[in-house]
Amino acid sequence: MFLHLGGDRAIAVKDILVIGDCNSLKSRSGKRSDINREFLDNKKKTGNVIDVSDKEPKSFVVAGDMIYLSSISSLTLKRRAAMIFDSDSRI
């Protein structure tokens, strides 16, 4: 099953490692946000970031070696992924 990230992009739910909130990348108050920001910056340098948001991204999804930036909130993506995963496991 696939999770729609916005625009014309969908990825396989089984490939998702992390769904995160972009606000966690903006804060400079904690060490975790610095590590996340550095990780994202390194992935951008290697061309492994795809921005599918039509405006300011609200969430990021790590799938395999790629990071997708989405304008859909992380909470909405997590709920959709959980529904897909639950329905897929019943088959």
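As a reminder, the structure under discussion sits directly above these lines.
Because the structure is predicted, anything quoted here is derived from the model rather than measured. (Residues numbered from 1 in each chain as written. Predicted model: local features only at pLDDT ≥ 70, side-chain atom pairs only at ≥ 80, totals over all residues. Heavy atoms only, no water.)

Remarks on the pairing of strand S1 (residues 2-6)
The side chains of a regular strand alternate between the sheet's two faces.
So, step 1. In this sheet, strand S2 (residues 9-12) lies alongside S1 in antiparallel orientation, the contact comprising 4 bridges. Residue pairing for S2: Gly6 is matched across the bridge by Arg9.
So, step 2. With antiparallel pairing between neighbouring strands as the criterion, S1 and S2 make up a hairpin whose turn holds 2 residues, including Gly7 at a positive phi of roughly 60 degrees. (Pairing = 2+ DSSP bridges. Helix = DSSP H or I, 4+ residues; strand = E, 2+ residues; numbered from the N terminus.)

Quick notes on the nonpolar core
So, step 1. Judged by nonpolar contacts, the single largest core of 15 residues is most densely connected at Leu3, Leu5, Ile11, Ile19, Val61, Tyr68 and Leu77.
So, step 2. Residue assignment for this core shows that the elements contributing at least two residues are S1, strand S3 (16-21), strand S5 (59-63), strand S6 (66-70) and helix H3 (74-89).
So, step 3. The element contributing the most residues to this core is H3, with 3 residues.
So, step 4. In this structure Tyr68 touches Leu5, Arg9, Ile11, Ile50, Ser59, Phe60, Val61 and Ala63, once residues within four positions along its chain are discounted.
So, step 5. Among the nonpolar cores identified, the runner-up in size contains 8 residues, and Cys22, Leu25, Val62 and Ile67 belong to it. (Core = buried A, V, L, I, M, F, W, Y, C linked by side-chain atoms within 4.5 Å. Buried < 20%, exposed > 50% of the residue type's maximum accessible area, 1.4 Å probe, protein only. Contact = heavy atoms within 4.5 Å.)

Some thoughts on the sheet that holds S3
So, step 1. Judged by pairing direction, the sheet is mixed, and its 4 strands sit side by side in the order S3-S5-S6-S4 without closing on themselves. Because the sheet does not close on itself, it has two edges, and the strands there are S3 and strand S4 (49-51). Taken pair by pair, the neighbouring strands of this sheet meet at an average axis angle of 20 degrees, ignoring direction. (Axes fitted to C-alpha atoms, helices over the stretch in contact; angles between N-to-C directions.)

Thoughts on the pattern of salt bridges
So, step 1. Inspection of every chain in the model, using the stated rule, returns 2 salt bridges.
So, step 2. Lys14 is the partner of Asp15 in a salt bridge, and the nearest nitrogen-oxygen pair spans 3.5 Å.
So, step 3. On the basis of relative accessibility, which here comes to 37%, the residue Asp15 falls in the partly exposed class.
So, step 4. A salt bridge links Arg37 to Asp41; the nearest nitrogen and oxygen atoms lie 3.6 Å apart. Of the two residues, Arg37 and Asp41 are both situated in helix H2 (residues 31-45); the distance of 4 residues between them amounts to about one turn of the helix.
So, step 5. For Arg37, a relative accessible area of 19% gives the class buried.
So, step 6. Its relative accessible area of 30% is what places Asp41 among the partly exposed residues. (Salt bridge = Lys/Arg side-chain N within 4 Å of Asp/Glu carboxyl O.)

Side note on the environment of Ile19
So, step 1. Within the secondary structure, Ile19 is located in strand S3.
So, step 2. Classification of Ile19 as buried rests on a relative accessible area of 14%.
So, step 3. For the pair Ile19 and Leu69, spaced 50 residues apart in sequence, the C-alpha to C-alpha distance is 10.0 Å.
So, step 4. If we skip the residues at most four places from it in the chain, Ile19 touches Leu3, Phe60, Val61, Ser74, Leu77, Lys78 and Ala81.

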